[in-house]
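# Structure assessment
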There are 2 protein chains.
Amino acid sequence: MKIIIDAMGGDNAPEAVVEGSLKARDELNVDITLVGKAEEIERCLGDASRDKIEIVDAREVVTMEDDPSTACRRKKDSSMAVALKMLKDGKGDAVVSAGSTGALLTGATLTVKRVKGIRRAAMAPVLPSMENGIMLIDCGANAECTPEYLLQFAYMGSFYAKRIMGIDNPRVGILNIGTEECKGGELQHETYKLLTAAKEAGRINFVGNIEASTMFFGGVDVVVSDGFSGNIALKTTEGVAKFLFKEIKGVMTKNLKNKLAAAVIKDDVKGIAKKVDPNEVGGTAMLGISAPVIKAHGSSNGKAIFAAIRQAKSFAESGMINDIVENIEYMKISEEV
Amino acid sequence: MKIIIDAMGGDNAPEAVVEGSLKARDELNVDITLVGKAEEIERCLGDASRDKIEIVDAREVVTMEDDPSTACRRKKDSSMAVALKMLKDGKGDAVVSAGSTGALLTGATLTVKRVKGIRRAAMAPVLPSMENGIMLIDCGANAECTPEYLLQFAYMGSFYAKRIMGIDNPRVGILNIGTEECKGGELQHETYKLLTAAKEAGRINFVGNIEASTMFFGGVDVVVSDGFSGNIALKTTEGVAKFLFKEIKGVMTKNLKNKLAAAVIKDDVKGIAKKVDPNEVGGTAMLGISAPVIKAHGSSNGKAIFAAIRQAKSFAESGMINDIVENIEYMKISEEV
């Protein structure tokens, strides 16, 4: 198993990326290919063992200022573009990058390409929940969607939840503003019909419409959405969690009395923060691409890169892309490409 | 100032509604008209003074099972329908109801009617923030919107923030999945143009696109959205807050050591919970209706009803509906009704 790493992607690259990669090499028994400026990677590796570590030199870096839709095409010698090209050429089993989400998505789509028959790739992070977490798909790759895209997201999320999250018969819901079938707009109504048919055929465990207020408390494993609403839900989750932890920190450091009390429960509170921390959860899978691509959070530290590599490994071992290929006929409602 | 109350609306009606109404009568110096089953209202009033309290008998109740789009028309003698009719007829200054949101919205639109020129009424709650709170408009009244609706929401939210929240020159943003002008779909792009023009004309303090991850930390007072995405943001906020407080409660009651520590900071933690508690914040204004209508949370207790009446009073005194009337020409981009 070889994981190809965009060593220059993210706010803390290449230091954090190399750190996480070394940890993954040691603990996950994977081969690592670090793509980026060789001298910088060498510097970060320092006197660490080079066992199972390969460096591939790439002289350019995709930045947040680059236009996402053209970055990989215009910077062919960037660490991101080279990593994706290697994946395409079978020189590794998965790519992990903490670089620009848009550039990675476009690059993966154009270079690695979608599974044949998949209309759009989707961003699918796993959010915390009272049960095993919820895969929210799509979270921003496609601001405007058709019912067919959402049908495909439902299948892909379902395969992922089963193969990688280890959930038998994953429950799939539609993100909506109420649970009744009539709620939402045309996109939700049409998707409801498609998923009901898939349920009746025994292919998707469709549980109906899901509200964002209840999804964290269980009853659903995969929540399908257009990328606009999904992104709003994802970013609201981040914002509210950050807001509340800031308030709680304020309480815990308000005065000496509070500080002393806080010292007792601090570790447990940190445990909650960890549950919702993107650095702990791992990366976001780009589903629908013909090989595993994981987007790590832009602010990833070494631990987050490690978590993303662990996820990439599980993804590559899972066989879920094969699930898509084998079921693609059920995932289409038209023959247009 | 007379506030008309749907005494039968909400999970805890009529007890909580009467309790909150009496408190408002005593502390806010308002006249109260309680609409609903007279004998039940009498029972709840018990031996409290009837000073400034009027009871209007209505024999029916709109329930959550009624079809929202026809409830007020079919149940003409319901507490909700009678309350709205009284408002229409000038027999009071505002209506407060904790009943079905959809029924109240439809009833208000059909009976009280929209301000002339306003295309759609909007649900506009105020969310907590590090500053003065954020008005999120629309939060579910209109799943599908046009740019003109959003332009109108921007003006209405701006008037409300100025007149009722006391914010000078309120900052208005568009809820979007990134801050760049190119983000989102056609709705966001067209709205961006309309709000830029309104800014250039000196009418709206438009600050651009806003992400849900940052809106809680300041920089914006009014966030405009289609009702679908706005509802997703609202319900995600509720869900994440509930999820995290549940986790924190778990930590605080985990063992004796934690319980003792928690006792010290409990009140401060409750202070945070209060900030995000719908019972404390008050109700949701229905903007665009030609007289003030406030939807209180369905699970309102007496305190929440009191807060909603306080909000209704501020709304009725504010003159913001007059602002809409006076500026309606700037709020239209077409002449269609």
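Residues numbered from 1 in each chain as written. Chains lettered and ligands numbered in written order. Predicted model: local features only at pLDDT ≥ 70, side-chain atom pairs only at ≥ 80, totals over all residues. Heavy atoms only, no water.

## Let's talk about the sheet that holds strand β8 (residues 171-175) of chain A
Across a sheet, strands are paired by hydrogen bonds formed along the backbone, either parallel or antiparallel in direction. Residues and elements named next belong to chain A. Threshold: Here, a strand pair is defined by DSSP locating no fewer than two bridges between the strands. A helix here means a DSSP run of H or I that spans at least four residues, while a strand means a run of E at least two residues long, and both kinds are numbered starting from the N terminus. We call two residues in contact whenever any of their non-hydrogen atoms come within 4.5 Å of each other. To get an axis, fit a line to the C-alpha atoms, keeping to the stretch in contact for a helix; angles then go from 0 to 180 degrees between the N-to-C directions.
Read across the sheet, five strands follow the order β6-β7-β10-β8-β9 without closing on themselves; strand pairing throughout is mixed. Two strands close off the open sheet at either side, each with one partner strand: β6 (126-127) and β9 (205-210). When β6 meets strand β7 (residues 134-137), the two strands line up antiparallel, connected through two bridges. Opposite Val 126, over in β7, you have Met 135 as the bridge partner. Packing against the sheet, helix α7 (residues 186-200) makes contact with β8, β9 and β10 (222-224), and its axis sits at approximately 160 degrees to β9.

## A short note on the pairing of strand β11 (residues 284-287) of chain A
Residues and elements named next belong to chain A. We count it as follows: Accessible area is worked out with a 1.4 Å probe on protein chains only. A residue is then buried under 20% of its type maximum, exposed over 50%, and partly exposed in between.
Alternating positions in β11 separate into two faces, Thr 284 and Met 286 on one and Ala 285 and Leu 287 on the other, with burial throughout. In this sheet, β11 lies alongside strand β5 (residues 122-124) in antiparallel orientation, the contact comprising three bridges. Directly across from Ala 124, in β11, lies its bridge partner Ala 285. Turn length for the β11-strand β12 (residues 293-295) hairpin, with the two strands adjacent in sequence and antiparallel, is five residues, and the turn residue Gly 288 shows positive phi of about 110 degrees.

## Here we look at the interface of chain A and chain B
Interfaces are often described in size by the accessible area the parts lose on coming together. As a reminder, the rule being used: Joining two parts hides part of their accessible area as seen by a 1.4 Å probe, and the buried area is that hidden amount summed over both. For this analysis, a salt bridge means a side-chain nitrogen from Lys or Arg found within 4 Å of a carboxyl oxygen belonging to Asp or Glu. Here a polar contact means two N or O atoms within 3.5 Å. Within protein one must be a hydrogen donor candidate and the other an acceptor candidate, and residues neighboring in sequence count only if both atoms are side-chain atoms. Gly falls in the polar group here, along with every residue not listed as nonpolar (Ala, Val, Leu, Ile, Met, Phe, Trp, Tyr, Cys, Pro) or charged (Asp, Glu, Lys, Arg).
On the chain B side, the residues contacting the 50 residues of chain A number 50 residues. Overall, the association of chain A and chain B removes approximately 4600 Å² of surface from exposure, summing both partners, and the carbon and sulfur fraction of that is 76%. When the buried surface of chain A facing chain B is broken down by residue, A:Ile177, A:Phe228 and A:Phe243 rank first, second and third, together holding 15% of it. Here chain A and chain B share six salt bridges between them. Among the salt bridges present, the one from B:Lys254 reaches A:Asp268, with a minimum N-O distance of 2.8 Å. Linking chain A with chain B are 12 residue pairs in polar contact (both at pLDDT 80 or more), by the criterion used here. Counting only elements with at least two residues in the side of chain A that touches chain B, the list comes to α7, α8 (227-252) and α9 (256-275) of chain A. The greatest single-element share of the side of chain A that touches chain B, amounting to 20 residues, is contributed by α8(A). Residue composition of the side of chain A that touches chain B, by class: 24 nonpolar, 13 polar and 13 charged.

## Points about the sheet that holds strand β12 (residues 293-295) of chain B
Residues and elements named next belong to chain B. Spatial strand order, β3-β2-β1-β4-β12-β11-β5: seven strands in an open sheet with mixed pairing. The sheet is open, and its two borders are formed by β3 (53-57) and β5 (122-124), each paired with just one other strand. In this sheet, adjacent strand axes meet at a mean angle of 25 degrees when their direction is disregarded. Sheet topology places strand β11 (residues 284-287) next to β12; two bridges connect them, and they run antiparallel. Residue pairing across strands places Thr 284 opposite Lys 295, the latter belonging to β12. Contacts from helix α4 (residues 79-88) reach β1 (2-6), β2 (31-36), β3, β4 (94-97) and β12 within the one sheet, and its direction differs from that of β2 by about 140 degrees.

## Digging into helix α9 (residues 256-275) of chain B
The criterion, for reference: Multiplying 1.5 Å by the residue count of a helix minus one yields the expected span of that helix. Note on bend: the value at a residue is the angle between axes fitted to the seven residues ending there and to the seven starting there.
Compared with an ideal rise of 1.5 Å per residue, which puts 20 residues at 28 Å, α9(B) spans 28 Å between its outermost C-alpha atoms and is within 8% of the ideal. The largest bend in α9(B) comes to about 60 degrees, at B:Ile265. Of all the positions in α9(B), only B:Asn258, B:Ala261, B:Ala262, B:Ile265, B:Asp268, B:Val269 and B:Ile272 are classed as buried. Contact partners of the buried residues in α9(B): α8 and α9 of chain A together with α8 (227-252) of chain B.

## Considering the relation of the copies chain A and chain B
Mapping one chain copy onto the other needs a rotation about an axis and a shift along that axis. Put simply, the rule reads: For the least-squares superposition of copies, only C-alpha atoms count, and only for residues with pLDDT at least 70 in both.
The two copies are related by a screw operation: chain A maps onto chain B through 180 degrees of rotation and 0.0 Å of translation along the axis, at an RMSD of 0.0 Å. Expressed as a symmetry operation, the mapping of one chain copy onto the other fits a two-fold axis. For chain A, the smallest separation between a C-alpha atom and the rotation axis is recorded for A:Ala261, amounting to 2.3 Å. When the interface residues of chain A are mapped onto chain B, 100% of them again fall at the interface, so both copies present the same face.

## Let's talk about unusual backbone geometry
Here the residue pair A:Ile137 and A:Asp138 is connected by a cis peptide bond, since its omega of 15 degrees sits within 30 degrees of zero. In this structure, B:Pro14 follows B:Ala13 across a cis peptide bond, with omega equal to -5 degrees. The backbone of A:Lys52 shows a phi angle near 60 degrees, a positive value even though the residue is not glycine. With respect to the helices and strands, A:Lys52 occurs in the loop between α2 (38-45) and β3 (53-57). Residue classification places A:Lys52 among the partly exposed positions, given a relative accessible area of 25%.

## With respect to the state of the cysteines
In protein structure, a disulfide is the covalent linkage between the sulfur atoms of two cysteines. Quick reminder of the rule: In this description, the term disulfide denotes a pair of cysteine sulfurs within 2.5 Å.
One pass over the full model with this rule turns up zero disulfides over all chains. Distance from the sulfur of A:Cys72, which forms no disulfide, to the nearest cysteine sulfur (B:Cys182) is 17 Å. Summary of cysteine pairing: A:Cys139 is not part of a disulfide, and the nearest cysteine sulfur, belonging to A:Cys145, is at 11 Å.

## So, the environment of A:Lys2
Residues and elements named next belong to chain A. The topology assignment puts Lys 2 in strand β1 (residues 2-6). Discounting chain neighbours no more than four positions away, the residues touching Lys 2 are Asp 31, Thr 33, Glu 54, Lys 91, Gly 92, Asp 93 and Ala 94. There is a polar contact of 3.3 Å between the side chain of Lys 2 and the side chain of Glu 54.

## Observations concerning the packing of helix α1 (residues 15-28) of chain B against helix α2 (residues 38-45) of chain B
Residues and elements named next belong to chain B. Which entries qualify depends on this criterion: Orientation categories follow fixed angle ranges, with anything under 35 degrees roughly parallel, anything over 145 roughly antiparallel, 65 to 115 roughly perpendicular, and all other angles oblique. Note on convention: near helix rotated counterclockwise from far helix by under a right angle means a left-handed crossing. Clockwise means right-handed.
Where α1 contacts α2, the two axes come as close as 9 Å, and the packing angle between them is 60 degrees. Looking at the two axes, α1 sits oblique to α2. Crossing handedness for the pair α1 and α2: right-handed. Of α2, the residues touching α1 (which contributes Glu 15, Val 18 and Leu 22) are Ile 41, Arg 43, Cys 44 and Leu 45. Each residue belonging to the contact of α1 with α2 can be placed in one class, and the counts come to five nonpolar, no polar and two charged.

## Description of the side chain of A:Thr191
Considering the arrangement of structural elements, one finds A:Thr191 in helix α7. Ignoring anything within four residues of it in the chain, the contact list for A:Thr191 reads A:Pro147, A:Leu150 and A:Ile174.

## Things to note about the nonpolar core
So the rule is basically this: In this description, a nonpolar core means a group of buried Ala, Val, Leu, Ile, Met, Phe, Trp, Tyr and Cys residues linked to one another through side-chain atoms lying within 4.5 Å.
Among the nonpolar cores identified, the biggest contains 110 residues, and A:Leu84, A:Met215, B:Leu84 and B:Met215 are the most heavily contacted of them. Those residues in contact with B:Met215, other than ones at most four positions away along the chain, are B:Leu127, B:Ser129, B:Ile134, B:Leu175, B:Ile210, B:Val220 and B:Val223.

## Observations concerning the pattern of salt bridges
All names here are of chain A. Considering all chains together, one arrives at 40 salt bridges over all chains under this definition. A salt bridge links Glu 317 to Lys 313; the shortest N-O distance between them is 3.7 Å. Of the two residues, Glu 317 and Lys 313 are both situated in helix α11 (residues 302-318); the distance of four residues between them amounts to about one turn of the helix. One connected set of salt bridges, linked through shared partners, spans Glu 15, Glu 40 and Arg 43.

## A short note on the packing of helix α6 (residues 147-163) of chain B against helix α7 (residues 186-200) of chain B
For any two helices packed against each other, the geometry is given by the interaxial angle and the distance between the axes. Residues and elements named next belong to chain B. Running from N to C, α6 and α7 cross one another at 45 degrees; their axes reach a closest spacing of 9 Å. With respect to α7, the axis of α6 lies oblique. Seen along the crossing, α6 lies across α7 with a hand that is right-handed. Contacts between α6 and α7 pair Pro 147, Glu 148, Leu 150, Leu 151, Ala 154 and Tyr 155 from the former with Leu 187, Glu 190, Thr 191, Leu 194, Leu 195 and Ala 198 from the latter. Considered class by class, the residues forming the contact of α6 with α7 number nine nonpolar, one polar and two charged.

No statement about biological role is implied by the geometric values presented.
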